[in-house]
Amino acid sequence: MILREKMSFTRRQMMLGLLGFGTSKIFSGCKMMKQIGYGPSSAFDPARSMTLSAAADRILPGAADAGAADYINFWMKQDPFAKAMDWKPLLNIGAIHLNRVAERNHKKPFHLCRADEQDAILKRFQQGGIAAKGFRSELFFQRLVMLTLESFFSDPKYGGNRKLIGWHFIGKKPCWWAPTGERL
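Residues numbered from 1 in each chain as written. Predicted model: local features only at pLDDT ≥ 70, side-chain atom pairs only at ≥ 80, totals over all residues. Heavy atoms only, no water.

### What to know about the overall build of the protein chain
Helix and strand content of the protein chain: eight helices and two strands. Across the 184 residues in the protein chain, those meeting the buried criterion constitute 34%. Contacts in the protein chain between residues far apart in sequence, at least 24 positions, make up 60% of those at least 6 positions apart. Accessible area of the protein chain: about 12100 Å², with a carbon and sulfur share of 60%. (Helix = DSSP H or I, 4+ residues; strand = E, 2+ residues; numbered from the N terminus. Buried < 20%, exposed > 50% of the residue type's maximum accessible area, 1.4 Å probe, protein only. Contact = heavy atoms within 4.5 Å. Areas by Shrake-Rupley, 256 points an atom, 1.4 Å probe, with all protein chains shown as cover.)

Structure representation (structure tokens):
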């Protein structure tokens, strides 16, 4: 037979304990955000980041304003994408090829090309028309489209959906007690 002692504590002790637990979770969350590198550091150099942002904006107008590049950057620094999977290298090489094709055809980087020029280049990527050793342009395009759509409708804490642009677009209204404090 197991003897159980009666545990007694006051409401104040319970509240202080819960407050301490909640505060530790908040600070550990901030620490985690620093550890994963969320902030000014980038998974891509600035030129490639501008290229990916411009491409995302052509795929879904408004995606650049909604923070597509920040969203892509955030996820490419996370474990499965940064190490085990081929996403980050594919996006990096894809941005390089976007700029190379733009330089070759229009004598300027991709993000400085006109909208119709960018669309023509992206169409070639979509159709698999860019050939390079170990690079599949149609796969790059598919992943860029997927990340662009995700960024537009994601939770803003991941870098995308800035000012809740995507949520406004689909009519999503967060709860009045939303912990982020962002309201429509």
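### Description of helix H3 (residues 68-76)
Each α-helix winds once per 3.6 residues, and so residues spaced three or four apart point in a common direction. Among the nine residues of H3, seven are classified as buried, and the element is accordingly described as predominantly covered. Inspection of H3 places Ala-68, Ala-69, Tyr-71, Ile-72, Asn-73, Phe-74 and Met-76 among the buried residues, and these make up the whole buried set.

### Here's the deal with the pattern of salt bridges
In total, this model carries eight salt bridges according to the counting rule given. Notably, a salt bridge pairs Arg-48 with Asp-45, separated by 3.7 Å at the nearest N-O pair. Its relative accessible area of 31% is what places Asp-45 among the partly exposed residues. Taken together, the shared-partner salt bridges connect Lys-108, Arg-114, Asp-116 and Glu-117 into one network. (Salt bridge = Lys/Arg side-chain N within 4 Å of Asp/Glu carboxyl O.)

### Considerations on the confidence of the model for the protein chain
Averaged over all residues, the pLDDT of the protein chain equals 77, while 70% of them reach at least 70. Of all helices and strands in the protein chain, the one with the weakest mean pLDDT is helix H1 (residues 11-35) (45), whereas helix H6 (residues 115-126) scores best (96). Confidence drops under pLDDT 50 across residues 1-7; counting only partners more than four residues distant or on other chains, this segment forms zero contacts. This stretch, residues 21-40, has a pLDDT under 50; its non-local contacts, to residues over four places away or in other chains, come to 13 contacts. (pLDDT = per-residue confidence, 0-100.)

### Digging into the packing of helix H2 (residues 46-59) against helix H5 (residues 87-106)
Between H2 and H5, whose axes approach to 9 Å, the crossing angle comes to 80°. The angle between the axes of H2 and H5 places the two elements in the roughly perpendicular class. Contact residues: Ala-47, Arg-48, Thr-51, Leu-52 and Ala-55 in H2; Leu-91, Asn-92, Ala-95, Ile-96, Leu-98 and Asn-99 in H5. Tallied by class, the residues present in the contact of H2 with H5 amount to seven nonpolar, three polar and one charged. (Axes fitted to C-alpha atoms, helices over the stretch in contact; angles between N-to-C directions. Parallel < 35°, antiparallel > 145°, perpendicular 65-115°, else oblique. Nonpolar A, V, L, I, M, F, W, Y, C, P; charged D, E, K, R; others polar.)

### Observations regarding a nonpolar patch on the surface
Residues Leu-149, Phe-153, Phe-169 and Ile-170 make up a contiguous nonpolar surface patch of roughly 410 Å² in combined accessible area. Among the elements of the structure, helix H7 (137-153) and helix H8 (165-170) are those that each provide at least two residues to the nonpolar patch. Within the element layout of this structure, Ile-170 appears in helix H8. For Ile-170, a relative accessible area of 52% corresponds to the exposed category. (Patch = residues over 30% accessible without salt bridge, like charges linked within 9 Å, V, L, I, M, F, W, Y side chains within 5 Å.)

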